[in-house]
Amino acid sequence: MKPKAMPNHTTPLDDVAPRQGQTQLCMKVFVQRDYSDGTTVRFQTHFPSELEGKLDRASFENTVSQLNTYFAEAEKGSCSTYCEGCLACLTAYLVSIITITLCSTAGQSFIREHSVTAEHILRRGREGLL
């Protein structure tokens, strides 16, 4: 069986086992980097066509904008980030194993919260409740 041709920014997740009651093929949608401000970590807020009808534009743009804000905050130099960098160099990066950075904590909790919300919206849409 010949695989179906897909755009270069989506790929099927064959190795992910479907959740109970879910038989659809999961798709990965890649959000492109935004290099308009140089090489700082930033993502485009352009709404991917693969999400049409699955997620509203405002929610997507708000999520990406918030992530861009977290990355911008992480790029700023502060006493805390300089101390973390110096300790990491002095301890051959062993301090990274035992400390949790502010950026990783805030970013991870934000992503976890929005993943649950988006999953709930998609589930309701598949069940015809929207």
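Residues numbered from 1 in each chain as written. Predicted model: local features only at pLDDT ≥ 70, side-chain atom pairs only at ≥ 80, totals over all residues. Heavy atoms only, no water.

With that out of the way, let us pick up the state of the cysteines. In protein structure, a disulfide is the covalent linkage between the sulfur atoms of two cysteines. Enumeration over the complete set of coordinates arrives at 0 disulfides. Unpaired in this structure, Cys79 has its nearest cysteine sulfur neighbour in Cys83, at a distance of 4.1 Å. Residue class for Cys79 comes out exposed when judged on its relative accessible area of 61%. In this model Cys89 remains outside any disulfide bridge; the closest cysteine sulfur is found in Cys86, 6.7 Å from its own. (Disulfide = S-S within 2.5 Å. Buried < 20%, exposed > 50% of the residue type's maximum accessible area, 1.4 Å probe, protein only.)

To continue, consider the side chain of Asn68. Mapped onto the elements of the fold, Asn68 is located in helix α1 (residues 57–75). The residues touching Asn68, leaving out its near neighbours within four places in the chain, are Arg42, Phe43 and Thr45. (Helix = DSSP H or I, 4+ residues; strand = E, 2+ residues; numbered from the N terminus. Contact = heavy atoms within 4.5 Å.)

Let us now look at the packing of aromatic side chains. Applying the stated criterion across every chain, the model contains 3 aromatic pairs. Considering the side-chain rings of Phe43 and Phe71, the 5.9 Å spacing of their centres and the 50 degrees angle between planes classify their relative orientation as tilted. Linking Phe43 in the loop between β2 (27–29) and α1 with Phe71 in helix α1, this pair joins segments that are 28 residues apart in sequence. Relative to Phe110, the ring of Tyr70 has its centre 5.5 Å away and its plane inclined at 65 degrees; by these criteria the two rings are edge-to-face. Highlighted residues: Tyr70 in helix α1 and Phe110 in helix α4 (residues 102–126), separated in sequence by 40 residues. Note on Tyr70: relative accessible area 25%, which makes it partly exposed. Overall, Phe110 belongs to the buried group, its relative accessible area being 10%. (Phe/Tyr/Trp six-rings, centres within 6.5 Å; stacked < 30°, edge-to-face > 60°.)

Summarising the model, the protein chain shows a mean pLDDT of 75, and 66% of its residues fall at 70 or more. Low pLDDT (under 50) marks residues 1–8, which in the prediction has 3 contacts with non-local residues, meaning those over four places away or in another chain. (pLDDT = per-residue confidence, 0-100.)

What follows covers helix α2 (residues 79–90). If you check α2, its first and last C-alpha atoms are 16 Å apart, about what 12 residues at 1.5 Å a residue would give, namely 16 Å. Just beyond α2, the residue with positive phi is Ala92, at close to 55 degrees. (Expected span 1.5 Å × (residues − 1).)

As a working rule, side chains carrying opposite charge can pair if their charged atoms are close by. This structure, assessed with the given rule, holds 4 salt bridges. With a closest N to O distance of 3.6 Å, Arg42 and Asp34 form a salt bridge. Look at Arg42 and you get partly exposed, because its relative accessible area is 30%. Since its relative accessible area comes to 17%, Asp34 is described here as buried. Two residues, Arg42 and Asp37, come together in a salt bridge whose shortest N-O distance is 3.9 Å. Because the salt bridges share partners, they merge into one network encompassing Asp34, Asp37 and Arg42. (Salt bridge = Lys/Arg side-chain N within 4 Å of Asp/Glu carboxyl O.)

With respect to the helices and strands, the residue Thr63 is situated in helix α1. A distance of 2.9 Å separates the side chain of Thr63 from the backbone oxygen of Ser59, its partner in a polar contact. (Polar contact = N/O pair within 3.5 Å; in protein donor to acceptor, adjacent residues only side chain to side chain.)

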